[in-house]
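Okay, here's what each chain looks like letter by letter:
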Amino acid sequence: MEADKNSILGFLSAQNRRFSIPVYQREYTWNLTHCGRLLNDIKTIMKYPNKRHFIGSVVQISNKHGLISQINEATIIDGQQRITTVSLILIALRDYIRENFEHIDETIAEEIEETYLVNSRKKNEDYIKLCLTKKDKILYDKLIYGTPLDETNSKSNIISNYRYFYKQIKSQKIDIKELYDGLAKLDIVEIALERDIDDPQLIFESLNSTGEKLVESDLIRNFLLMGLENDVQTHIYNEYWYPIEERLDSFGKNTLSNFIRDFLTIKNLKIPKESQVFTDFKSYFSKNYTRKKSSIEKFMTELDKFSRIYKKIVSADDLDNKINTHLKGLELLEVKVIYPFIMYIYDYYLEEKISKSDFSQILLLIESYLSRRIILEHGSQGLNKVFVTFIRDFNYKEPVKSFEIALLNKKGHHRFPNNEEFENAFLLRNIYTIKTNYKKYILYSLEKSLSNEVVDLSSQISIEHIMPQNIDNNIFWQNILGENWLEMHQKYLHTIGNLTLTAYNSNLSNKTFIEKKEMLVSGYDNSSFNLSKTLKKYTTWTENDILDRSKFLIKQALSIWQYPNSHSVHQNSNKTEITLEDSWTSIKPVSFEFLTEKTSVKTFIDVYLNVIQQLYLFDSDAFYQALNEEEILNVKFHSVGENEFDESKSAKIGEDIYINTNISNEAKRKNLQVLFDSMEIDENDLIIEIENPHIVTN
C-alpha cells in the first residue's frame, strides 16, 4: 500500500487511465447539500492565493505493471462521491464555456475534456475516464457526450447535481477562471493498493467507519464482491445481487437489510441485532461458503430464492387468492417478527414438501394466535424469539400438527389464549381505539366470515358506531339506555357489539336507532355489509341488545380464529414451556433457551446458575451494577471476595462472586427478574422447557 498527497485534478489528469467504480459500490448519493458545501469550500479558497483545501482520501487498486500504450484501469474502493462530484463540475464548466465561446476561450473547454474527462486517443469503453455503475453510468455518459436529457432523468443525483453546478456558473456568481483554479487547489490523499497483497475489504470498512454510514446490506454486498476478479464481480452483481436489490428496494430503504437479517435468523436460529447484521453475516458466510465463484453463486442462489419469497410476503403476491388473503391479513396485524418463520415454511410450500392446504392452515393459525393476543392486549414483546423456536420445532412431515404442538406448548405471556379467556376479553374490549389496522382487520374478517366474500380493504369504508359517540344532548339515546345511560355509554360504546361497517358514516351520524336501520340507501337494513344486516332483527338498542350481538360476533370470531387441535398435543408431547412470568413451584425443567442458546438441565439450580453465568459474560459491567439493586442487596443473593455460603449450596461466577443457591425456586425466579430488569434484558428472552407434570424437590 502506498499513500501520496495529490490534487484531485492531478489524480484525474493521469493519461490512459480509467477510474472504475466497482459494481458492489452503492450508487452516487451526494445531494445538493453536499454539492453546495463543496462549492462554498471552493469559493473560500478562491479568495486566498496560497490556500488549499483537503477533501479526503481516494483509495484505488490498479495494475502497476500495465503497458504505457494500454488503458490502466484503477478500481476506486473509496472516494467515488468526491471524484464524481468534481467531474460533474468539470462537465458543467466545459458545457458553459462551449455555449459561450464568443466571450470565453473555447480551448479551456477542450483542455478540461481531454485532460480530466476522457482519454482522447481511445475509443469505446476506454474513452470515458470515469466509469460509474448501472444507471449512473448511462446518465453520466450522456453528459460526457452531450446527449439530450429527458425529464425522466431529473430525479437522478447525477443530473440534478450537474444542473445545479451549471446554473451556479450561468448565474455568473462564480468567475470561470477562478472556479477552475479553485478546483486545482482541492487536495486528496491517494492510497494505492496492490492486488493480492492488500486487503481492500478491511481498508474499506475502516474508512467507512468515519464517513457517511453505509447500511448493513451495502456492507454485505461489498464483502461478497470486493476482491473478486472484475468479470466475476460483474457476473455475480448483474445475475444475482442487482435483481435482489431491484426486487426489494421499492419497499423501503432498509428492506434489503431487514430481509438479510431475517434470512440469517432462519439459517442461524438466532436473531442478529440490527447493528450486527453485517458481523453475523460474515461469520455465517465464512462457516458455510468460500470465496470461490461456485461457492458464492451457491450462496447467492439461496439468497435469491428467499428474496423472492420475502417479496411475496410483503406484497401479498402469491398466485393463490386464499394464501394472498392470509398474507394481507398478516400485513394488517403489523408483526414483522413473524417473517422468518413464514419465509421458512413458504420455502417448504414452494418446494411442494407441504401442501397448499397445510400452508394455508398454518398461516391461519398465525393469524389466530396474533388476533387473540391483540384482544387480550398481550402485545408483541418477545414474539421474535418465540417464532424462532417455531422454526426449530417445525416438522414438515407433520406441518400443521407440529405447529399446533409448538403453539400450545407456549405458556405464560406467550401462550395461545384459550376460548374462555378470548370470549371474556372480547366482550368488553375497546375495539375502536386500538390501532387502525387492527380494528380494520377484525371487522373485515368478521364481515368476510358472514358473507364468505373478500372485502376490498382499499375501498372507502368507515367504522360506524350504532350507539353514537356523543349522546350528551341526545334524549332519544339517553332514554333507550335508561337512567344509567352515561355508564352504559362508556362501557359499550367502542365494543364489538356496537360497531359495524358503512360507506355512509356521515349520513347516519346521531340519528335514532330506527332511523339508522330504515334509511333508504344508507340504512343498516339495506346495507351491502353483512355486519350491518345482523342488526335487522333488533327493534331497540339497549344493553341486552348490544351484549346479544357481541356474543353472536364473538361466536363468529371463534370460528375464524380457532384454537389449535389440543388432542394432538396430549398425544404427542409431555413437555411445555414457561418464562420468568410463570411460577416455578412443583415443576421440573429439562432445558432452557436464553439468547437463542439452548441448554439441557436437570434442576432449577442448573437454570439459575447457567443464566447468571451468561448474564455475567454478556455484560459484566451491567451485571456488577445490577448486584447493587436494593432487591438484590436485601436477599442473600451473593457474596464478593469470600464465599459466605455452604460450598455445596453455592457457585462461583467470574473471579470473585459467589452465588447462593440455597433458596426456593420462586426466589430464584424473582432474583433473575431483578437482574433482567436492571440489565434491560427482555424477560421473554428466557424460555424454559419443563416436564409436565412432575414434582420437584429442589
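Above this text is the structure in question.
Asks: Explain the nonpolar core to me, using residue names and the numbers behind them.
Replies: Residues Phe 259, Phe 299, Met 300, Phe 341, Ile 366, Phe 426 and Ile 442 are the most contacted members of the largest nonpolar core, which totals 107 residues. The contact partners of Phe 299, leaving out residues within four places of it in the chain, are Leu 224, Phe 263, Phe 281, Tyr 284, Phe 285 and Tyr 289. By size, the runner-up hydrophobic cluster in this structure holds 55 residues, among which are Met 46, Leu 90, Tyr 127 and Ile 159.

Asks: Talk me through the packing of helix H11 (residues 255–268) against helix H15 (residues 339–350); I want residue IDs and the actual numbers.
Replies: Between H11 and H15, the least distance of the axes is 9 Å, while the angle of their chain directions is 65°. Comparing their axes, H15 and H11 come out roughly perpendicular. Considering how the two elements wind past one another, H11 and H15 form a crossing that is right-handed. Of the residues in H15, those in contact with Phe 259, Asp 262, Phe 263, Thr 265 and Ile 266 of H11 are Tyr 339, Pro 340, Met 343 and Tyr 344. By residue class, the composition of the contact of H11 with H15 is seven nonpolar, one polar and one charged.

Asks: Describe unusual backbone geometry, and please don't skip the residues or the numbers.
Replies: Leave glycine aside and you will find that most residues have negative phi; peptide bonds, for their part, are mostly trans. One non-glycine residue, Ser 586, lies in positive phi territory at about 60°. Structurally, Ser 586 is set in the loop between strand E9 (575–578) and strand E10 (588–594). Taking relative accessible area as the criterion, Ser 586 reaches 37% and is therefore assigned partly exposed. A positive phi angle is found at Glu 680, which is not glycine, with a value near 55°. Within the fold, Glu 680 resides in the loop between helix H31 (665–678) and strand E15 (686–691). For Glu 680, a relative accessible area of 75% puts it in the exposed group.

Asks: Can you break down the packing of aromatic side chains residue by residue, with the values?
Replies: Across all of its chains, the model carries 49 aromatic pairs by this definition. Three or more aromatic residues link up through ring pairs in this structure, and these residues are Phe 223, Phe 259, Phe 263, Phe 278, Phe 281, Tyr 284, Phe 285, Tyr 289, Phe 299, Phe 306, Tyr 310 and Tyr 339. Sitting above the plane of the Tyr 396 ring, Lys 353 keeps its charged end 5.9 Å from the centroid.

Asks: Requested: an account of the environment of Lys 123, with residues and values cited.
Replies: Tracing the sequence through the fold places Lys 123 in the loop between helix H4 (107–117) and strand E5 (130–131). Each C-alpha atom of the pair Lys 123 and Lys 43 lies 36 Å from the other, and the pair is 80 residues apart in sequence.

Asks: With reference to specific residues and values, describe the packing of H15 against helix H16 (residues 356–375).
Replies: At a minimum axis separation of 10 Å, H15 and H16 run at an interaxial angle of 165°. By the angle between their directions, the pair H15 and H16 is classed as roughly antiparallel. Classified by chirality, the crossing of H16 by H15 is left-handed. Along its contact with H15, which presents Phe 341, Ile 342, Ile 345, Tyr 346 and Tyr 349, the element H16 presents Lys 356, Phe 359, Ile 362, Leu 363 and Ile 366. Looking at the contact of H15 with H16 residue by residue, the classes come out as nine nonpolar, no polar and one charged.

Asks: Residues and numbers for the environment of Asp 304, please.
Replies: One can find Asp 304 in helix H13 (residues 293–315). The spatial distance from the C-alpha of Asp 304 to the C-alpha of Ile 374 is 34 Å, given a sequence separation of 70 residues. When neighbours within four sequence positions are excluded, Asp 304 is seen to be in contact with Ile 244 and Arg 247. A distance of 2.9 Å separates the side chain of Asp 304 from the side chain of Arg 308, its partner in a polar contact.

Asks: Tell me what's going on with helix H3 (residues 80–99), and back it up with residues and numbers.
Replies: Here H3 is 20 residues long and its end C-alpha atoms lie 28 Å apart, about the 28 Å a rise of 1.5 Å per residue gives. Of all 20 residues making up H3, 18 are buried, and the element is well covered by its neighbours.

Asks: Now, about helix H26 (residues 543–560): what can you tell me, with residues and values included?
Replies: A rise of 1.5 Å per residue sets the reference length of H26, with its 18 residues, at 26 Å; its end C-alpha atoms lie 26 Å apart and thus fit the reference within 8%. Turning to H26, the residues buried within the fold contact H16, helix H19 (419–428), helix H20 (436–451), helix H22 (485–492), strand E8 (499–502) and helix H25 (530–533).

Asks: Kindly report on the side chain of Ser 257, identifying the contributing residues and their values.
Replies: Its place among the elements puts Ser 257 in helix H11. Among the residues examined, Ser 257 registers a relative accessible area of 8% and is labelled buried. Ignoring anything within four residues of it in the chain, the contact list for Ser 257 reads Val 215, Glu 216, Ser 217 and Val 277.

Asks: Explain the pattern of salt bridges to me, and be specific about the residues and the numbers.
Replies: Oppositely charged side chains can form a pair if their charged atoms are brought close together. In the structure shown here, the tally under the stated rule is 33 salt bridges. Here Arg 82 ties to Asp 78 by a salt bridge, and the two come within 3.6 Å at their closest N and O atoms. Its relative accessible area of 18% is what places Asp 78 among the buried residues. In the salt-bridge network here, residues are joined through shared partners; they are Arg 94, Asp 95, Arg 98, Glu 110 and Glu 113.

Conventions and cut-offs
Residues numbered from 1 in each chain as written. Predicted model: local features only at pLDDT ≥ 70, side-chain atom pairs only at ≥ 80, totals over all residues. Heavy atoms only, no water. Core = buried A, V, L, I, M, F, W, Y, C linked by side-chain atoms within 4.5 Å. Buried < 20%, exposed > 50% of the residue type's maximum accessible area, 1.4 Å probe, protein only. Contact = heavy atoms within 4.5 Å. Axes fitted to C-alpha atoms, helices over the stretch in contact; angles between N-to-C directions. Helix = DSSP H or I, 4+ residues; strand = E, 2+ residues; numbered from the N terminus. Parallel < 35°, antiparallel > 145°, perpendicular 65-115°, else oblique. Left-handed = near helix turned anticlockwise from the far one by under 90°. Nonpolar A, V, L, I, M, F, W, Y, C, P; charged D, E, K, R; others polar. Phe/Tyr/Trp six-rings, centres within 6.5 Å; stacked < 30°, edge-to-face > 60°. Lys NZ or Arg CZ within 6 Å of the ring centre and 35° of its normal. Polar contact = N/O pair within 3.5 Å; in protein donor to acceptor, adjacent residues only side chain to side chain. Expected span 1.5 Å × (residues − 1). Salt bridge = Lys/Arg side-chain N within 4 Å of Asp/Glu carboxyl O.

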